[in-house]
Amino acid sequence: MSSILAIEDDWTVGLVLEHVLQTAGHEVTIVRGIADGKGALSEDGYDLILLDLNLPDGNGFELLRSIREDLGRRTPIVVLSGMRQEETVVRGLKLGADDYVAKPFSPPELLARVERWVRR
Amino acid sequence: MNSLERLFVAYQLAVIGYFAILNLIYSVLAFVGLRTVIVYSRELSDVSLKDLLEREVFKPVSILVPAYNEEKSIVASVRSFLKLHYPRFEVVVVSDGSTDATLERLIDAFALVEDPRVWSRRLPTEPIRRVLRSLRHPNLVVVDKENGGKSDALNAAIDLARYPLIAPVDADSVLDAQAILRASRLFVEDDSVIAVGGTIRPLNGAVVEGGRPTELRMPRGWLERLQIVEYARAFFLGRAGWTRFGTVLIISGAFGLFRRDAVVRAGGFWRGTVGEDMELVMRLHREHIRAGLPHRVVFSPDPICWTEVPSDLGTLRRQRNRWHRGLWTNLWRHRSMLLNPRYGRVGMVAVPYFWLFEALAPVIEVTGFLVFVAALLLGALEPGLLWLFLALAVLHGMLLSQVAAGVEAMLLQRYPRPSDRVRLLAAAFLEFLGFHQLLTLERFVATFQAATGRRGWGTMRRVGIPG
Amino acid sequence: MWRRFGDVAFAAVVAVVVTLEAVPLAFLTWTLLGRLVGASGGPPVGAVLLGAVTSLGVGLVMLTVYLLAYQYVSERRAAERAERRRAWVERWLRVLYGSAPEPAAAPGRDAVEALLDVRETLRGADAARVMALLARYGVGAELERRVLNGGTSSRLEALDALARSRIPEAMPTLIFAIGDPERVVQVAAVRAAARTLAAIEDPGERERLAERVVRALGRSRLPFGVREEVLLLADDAAPSLVGAVLGDEATSSSSLRAALDAVARLQLLVFADQVVGCLDHEDPEVRAAALRAAARTGLLPPHAHASVLAALEDPVEFIRIHATAAARLLPRERALVALWERLGDPSWWVRRQASESLAALGPAGLAELGRAAETHPDRYGRDMAAQALRDHVVELVEAVRA
């Protein structure tokens, strides 16, 4: 029973995440932007963060860097993004993401990856 | 019927004729503009927009910000530009010999250091003192140069711009987060596009959070409310209509996107006018037509730029005076295009339209009114008829403004509150009960000043011209 | 950006209002003309004016009432639709993941939109189930019908829906639509085709369709930017499309450029040979794109060296720029010599690229830059080298440490 934070502005994706993750027994909180994401992260209660890169109020990479460097959190971060270029993936991983799942995604695969990171 | 009456009827006919043709043109533009808006709303769906961003299909853009004595707001403005939702862009700020703390504020806020960079100079400008770059934001460049006016500042910025697309803006423009993407994709989709203009909307009254308007509210002052309607008419009906015919003559200085090479080839902005935005577009048309190069200047209603409009009468009048003088300067400079078949639709339709129905309109309206009053006093006209003529003119204007308000209502980001909607419609009514007439008078005065050679610069503010 | 609800209705209202304006004005003009030439009879000017004013007044009232009503209605509708769509998304998810039964009857527009939204987010087995649902309700067939008939706006909407649904059976219709006379429809069709192609699993099928798309693209007069966009949108199908373009004898320069750029962006190393083949193309834009692709992919086999060296002396500036970028892939000594020469090129951009390429060559290149900053015969070359050293000070420090 883990607690997952998803920073995702597309509400269909959010609903899918809720369904998939909640059915598997995890608690999911969805926030829709960088500002809300920062707010939610002010309390360190999450076991995993799902992060979209294309957010309406800012740059997802910036938030990623900020979580790792400014907030110093070690929470596993899985990037969930429609951007699939090699450079983008590498940049995300270098900035501190633990995994990178491209959109559109396969829910069983996402679940498997999420649970793997949460288990650690 | 005596000859005086005959003369008067002839004059009435001329005015009505002018009015009818103007009416017809506006109506056609309105209708065509509406269709443009309808098609555009389906052309670029959210999914396509997302695709463009995610697949990184875009052309990098250099945003050019000319600034003169903007110490109060420049830092916030530049921050707002740096936060735009676009994969690759730079911001080039030019302090045009500012005498206040503009540069100091910038240096402080963005950790600027001097860059002894060598770059290629293609446009002549006033001397550049130094070029500064930000340690924190690698895509921010600030230029300190000697005063030369807005055109000169923009030309300096163009020289330093490194990307193929340039976006001259006003220092106080607030760009919608997606504005640049929505505008630049037009360059990707069509090689012949050399310039794209978007919609300018007044920011006054809106609730602004994080530098962007989150909720639109009608401002308190009626002057501002009236301008909201005016801008809606100019952009959604006017320019949206012109773009369908391929004859866009103005791209607002508050926000436009140009191919850098095309602008450099044409020689950059001209210093001899206060309406440098329109003059550049006219010159681009001219040069490209002369060279036989295919080119398109496009207006797209989607990219939106917000700006504060004057809230007091004095500033507003000075602004409109400047715009009208700029209009005359530009039309005069390119008078060889007037009714010149060599310039196709631009020369045969758009330029004459601007001469007759934009530049000369205040003259015709004011003299028309005076003649009517004279006729009234001379007994050649019954008072009832005068009122009816006036009513006709006023109603026609109101109608167009209502249509514009209607188009605004179709935006997702519109004035949501019912009370504001009523105010907007009321403003559409009131615009022609004094506001329009006042501005017409100001433009009439400006015409005479232009004719007698007034070349006042005023402060460096946007000099776009609502059509 | 725009609400689509009621826009056509509004256009109709405006048309009526404009007519209410135009007719009396025309009549008024006619009446005054008559008076001018002295014709008597006919209604007095005052009456005509009154008629015109009344007509306009009526139009104005009509418009105002419509707008007030529209505001209210569209606001309510927007909220309702959002709610309905959300409810449908949840219902579809229950159908997919829970035990909810599939709706028996063909669902309405909101339901289909919701299903397309879900389609957009999924891949794999779950996506296949969504596709089965779409097929069950004949969504694809309906959309195809709308693409083939109807006004521009309706066609654009249908193409957008097809882009999201990625139904392979719709490909023939999409390919047909690429040949539409209207450019905006062409662009929408080509985007939908690329996205649909990306979802086709069977490689043989994908190759075959890719060739047809490429041929349709070739017949259209879409610009380079759109062609490139198509290749980039095709994701996993991009190699098929690029292969089809590069393999076609009659392919246009514009498509070739787009394909070469896609090779560069997507790192499609498998096309190295074709890239080299384009280095001697007659069209300078194609040569430049090939040079760019070689530089980005880092593949420059020995038999291509001569072409690159020749391109370094090309009279066209942008060819020299890209050749200078590719020059770093030449054998070390030749690269250093060639780039040293380019530092003295008359074009600022070529000089800049030369310095960048040298910097990218690691310690040897940096050393050469250092030498150039002091002893290069061209003054601008010296300036450029010095500037490059300042830019790459981090690499310099690391090189010195190593």
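Definitions and cut-offs
- Residues numbered from 1 in each chain as written.
- Chains lettered and ligands numbered in written order.
- Predicted model: local features only at pLDDT ≥ 70, side-chain atom pairs only at ≥ 80, totals over all residues.
- Helix = DSSP H or I, 4+ residues; strand = E, 2+ residues; numbered from the N terminus.
- Rg over C-alpha atoms; globule rule 2.2 N^0.38 Å.
- Buried ≥ 20, exposed ≤ 12 C-beta atoms within 10 Å, placed from the backbone.
- Contact = placed C-beta atoms within 7 Å.
- Nonpolar A, V, L, I, M, F, W, Y, C, P; charged D, E, K, R; others polar.
- Core = buried A, V, L, I, M, F, W, Y, C linked by C-beta atoms within 7 Å.
- Pairing = 2+ DSSP bridges.
- Axes fitted to C-alpha atoms, helices over the stretch in contact; angles between N-to-C directions.
- Domains from an automatic or database assignment.
- Parallel < 35°, antiparallel > 145°, perpendicular 65-115°, else oblique.
- Left-handed = near helix turned anticlockwise from the far one by under 90°.
- Expected span 1.5 Å × (residues − 1).
- Arc of directions from axis to C-beta.

**Here we look at the overall build of chain A**
Each helix and strand in chain A was counted, giving five helices and seven strands. Secondary structure elements in chain A, listed N-terminal to C-terminal, are β-α-β-α-β-β-β-α-β-α-β-α. Its C-alpha atoms give chain A a radius of gyration of 13 Å, within 12% of the compact-globule value 14 Å for 120 residues. Based on the C-alpha atoms only, the size of chain A along its principal axes is roughly 30 × 30 × 30 Å. Within chain A, the fraction of its 120 residues that count as buried is 40%. Expressed as a percentage of contacts within chain A between residues at least 6 apart in sequence, the contacts between residues at least 24 apart total 59%.

**Here we look at the overall build of chain C**
Scanning chain C from terminus to terminus reveals 21 helices and zero strands. Expected size for 402 residues packed as a compact globule is a radius of gyration near 21 Å; at 31 Å, chain C overshoots this value by more than 25%. With the C-alpha coordinates aligned to their principal axes, the bounding extent of chain C is approximately 95 × 75 × 45 Å. Restricting to contacts in chain C with at least 6 residues of sequence separation, those with at least 24 account for 64%.

**Let's talk about the interface of chain B and chain C**
Listed as interface residues are 56 residues of chain B and, on the opposing side, 60 residues of chain C. Those elements that provide at least two residues to the side of chain B that touches chain C are α1 (3-43), α2 (46-54), α6 (179-189), α13 (383-409) and α14 (418-451) of chain B. It is α1 of chain B that provides the largest number of residues to the side of chain B that touches chain C, a total of 20 residues. Among the residues making up the side of chain B that touches chain C, the classes are represented as 33 nonpolar, 12 polar and 11 charged.

**Some remarks on the nonpolar core**
Grouped together as the largest cluster of nonpolar side chains are 298 residues, with contacts concentrated most on L64, V65, V92 and A157 of chain B together with L241 and V242 of chain C. Looking at this core element by element, the count peaks at 16 residues for helix α2 (residues 45-97) of chain C. Not counting the four nearest positions on each side in its chain, L64 of chain B is found in contact with V92, L154, A157, I158, A161, I166, A167, P168 and V169 of chain B.

**Overview of the pairing of strand β4 (residues 128-134) of chain B**
Residues and elements named next belong to chain B. Both strand β3 (residues 112-114) and β4 contribute to a ladder of three bridges, which runs antiparallel. Each residue of the ladder has a partner; that of L112, found in β4, is S134. Where β4 meets strand β5 (residues 140-145), five bridges bridge the pair, whose relative direction is antiparallel. Note that in β5 the partner of V131 across the bridge is V143. Between β4 and β5, which pair antiparallel and follow one another directly, the connecting turn spans five residues.

**A short note on the sheet that holds strand β7 (residues 99-102) of chain A**
All names here are of chain A. A sheet is described by the order of its strands in space; here five strands give the open sequence β2-β1-β3-β6-β7, paired in parallel fashion. The sheet terminates laterally at β2 (27-31) and β7, the two strands that pair on one side only. Averaged over neighbouring strand pairs, the angle between their axes works out to 20° when direction is ignored. In the sheet, strand β1 (residues 3-7) pairs with strand β3 (residues 48-51) via four bridges, with the strands oriented parallel.

**Regarding the domain arrangement of chain C**
Split by domain assignment, chain C resolves into domain 1 (1-98), domain 2 (111-244 + 253-266) and domain 3 (331-402). Taken over C-alpha atoms, the centre of domain 1 of chain C sits 67 Å from the centre of domain 3 of chain C.

**Describing the environment of L433 of chain B**
By the element assignment, L433 of chain B lies in helix α14. When the C-alpha atoms of L433 of chain B and R335 of chain B are compared, they prove to be 34 Å apart, with 98 residues separating the residues in sequence.

**Digging into the packing of helix α17 (residues 332-342) of chain C against helix α19 (residues 363-375) of chain C**
All names here are of chain C. It is the contact of α17 with α19, at a shortest axis distance of 11 Å, that shows an interaxial angle of 30°. Looking at the two axes, α17 sits roughly parallel to α19. Considering only the axes of α17 and α19, their crossing is right-handed. Only A364, E368 and A372 of α19 make contact with α17, whose side of the interface consists of R332, L336 and W340. When grouped by side-chain class, the residues that make up the contact of α17 with α19 number four nonpolar, no polar and two charged.

**Focus: unusual backbone geometry**
Looking along the chain, the bond that leaves K103 of chain A and enters P104 of chain A is cis, with omega of -5°. Within the secondary structure, P104 of chain A is located in the loop between β7 and α5 (107-119).

**Here's the deal with the sheet that holds β3 of chain B**
With respect to topology, 10 strands assemble into an open sheet ordered β3-β4-β5-β2-β1-β6-β11-β8-β12-β7 (chain B), the strand pairing being mixed. Two strands close off the open sheet at either side, each with one partner strand: β3 and β7 (174-175) of chain B.

**Remarks on the environment of E211 of chain C**
Turning to its location among the elements, E211 of chain C is positioned in helix α9 (residues 203-219). The spatial distance from the C-alpha of E211 of chain C to the C-alpha of G243 of chain C is 8.7 Å, given a sequence separation of 32 residues.

**A short note on helix α4 (residues 125-136) of chain C**
Residue and element names in this part refer to chain C. With 12 residues, α4 extends 17 Å from end C-alpha to end C-alpha; this agrees with the ideal 16 Å at 1.5 Å per step. Turning to α4, its buried residues number three or more, namely D126, A127, V130, M131 and L133. Along the axis of α4, the buried positions cluster into a sector of 155°, meaning they face one direction only. Every exposed residue of α4 that faces more than 90 degrees away from the buried side is listed here: A125, A128, A132 and R136. Looking at the residues trailing α4, positive phi occurs at G138, about 65°.

**Topic: helix α12 (residues 253-266) of chain C**
Residues and elements named next belong to chain C. In a regular helix each residue adds 1.5 Å, so 14 residues correspond to 20 Å; α12 covers 20 Å between its end C-alpha atoms and thus fits that length. Of all 14 residues making up α12, 12 are buried, and the element is well covered by its neighbours. Every buried residue of α12 is listed here: S254, S255, L256, R257, A258, A259, L260, D261, A262, V263, R265 and L266.

**Digging into the interface of chain C and chain A**
Contacts between the two partners involve 15 residues from chain C, matched on the other side by 14 residues from chain A. Taken together, the elements giving at least two residues each to the side of chain C that touches chain A come down to α2, α3 (109-121) and α4 of chain C. Each residue belonging to the side of chain C that touches chain A can be placed in one class, and the counts come to six nonpolar, three polar and six charged.

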